[in-house]
Structure formats: structure tokens, C-alpha cells
Amino acid sequence: MLRIRKIHWVIAAILDAIIISLIVLYFVGCSVTPNPYEYRVYVVNGVGYSHLYTAEDKQDAIGYINFYRKSHGDMQMVRIKK
């Protein structure tokens, strides 16, 4: 039977550590939850509100409102759970 040299054990231990680290990082990355809310922008019309835009985050919705405020008039942002 062939004797396994000490260097082979070291290489095997390093490869095992790398594989285990990659598996742990994969599952940690999957457990991170994205933003559970979306932000909808509505414009006020004569009868009520009309949906204009759905944003991924609050800053995007605020940017949309600021950009279109002059042309669309009063708008309302509503946070909705996905």
C-alpha cells in the first residue's frame, strides 16, 4: 500500500476548508432578504388617485416625484408590502 505523504494531507485539508467556506457563503447569501416593501406613486386626479409608478426603494420613488412634480402636480407615495 502506498503511504500518503504529509503534504497530501495538508492539501486535502485546505481543499476541504475551501469547499466548506463556499457552501457556508452560498447559504448565507441566500438568507439575506431583499427590501420587503415596494413604493407606489399615485397622482391626484379629479375623482381620486391614479397609479403612475412602482419603485423598488424609497429614494427611487422620491426621485420620481421630484422629477415629475411640475408636469403631474400633486403626487402621493404609498409603501406596500410585497
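Right, let's walk through the structure included here. (Residues numbered from 1 in each chain as written. Predicted model: local features only at pLDDT ≥ 70, side-chain atom pairs only at ≥ 80, totals over all residues. Heavy atoms only, no water.)

**Description of the pattern of salt bridges**
One pass over the structure, following the stated rule, counts 2 salt bridges. Between Glu38 and Arg40 there is a salt bridge, with the nearest N and O atoms lying 2.9 Å from each other. Taking relative accessible area as the criterion, Glu38 reaches 16% and is therefore assigned buried. For Glu56, the salt bridge identified is with Lys82, shortest N-O distance 3.4 Å. Taken together, the residues Glu56 in the loop between β2 (49-55) and α2 (58-72) and Lys82 in the segment after β3 (75-81) connect sequence positions 26 residues apart. For the residue pair Glu56 and Lys82, the accessibility class agrees, reading exposed in each case. (Salt bridge = Lys/Arg side-chain N within 4 Å of Asp/Glu carboxyl O. Buried < 20%, exposed > 50% of the residue type's maximum accessible area, 1.4 Å probe, protein only. Helix = DSSP H or I, 4+ residues; strand = E, 2+ residues; numbered from the N terminus.)

That is the geometry; function is a separate question.
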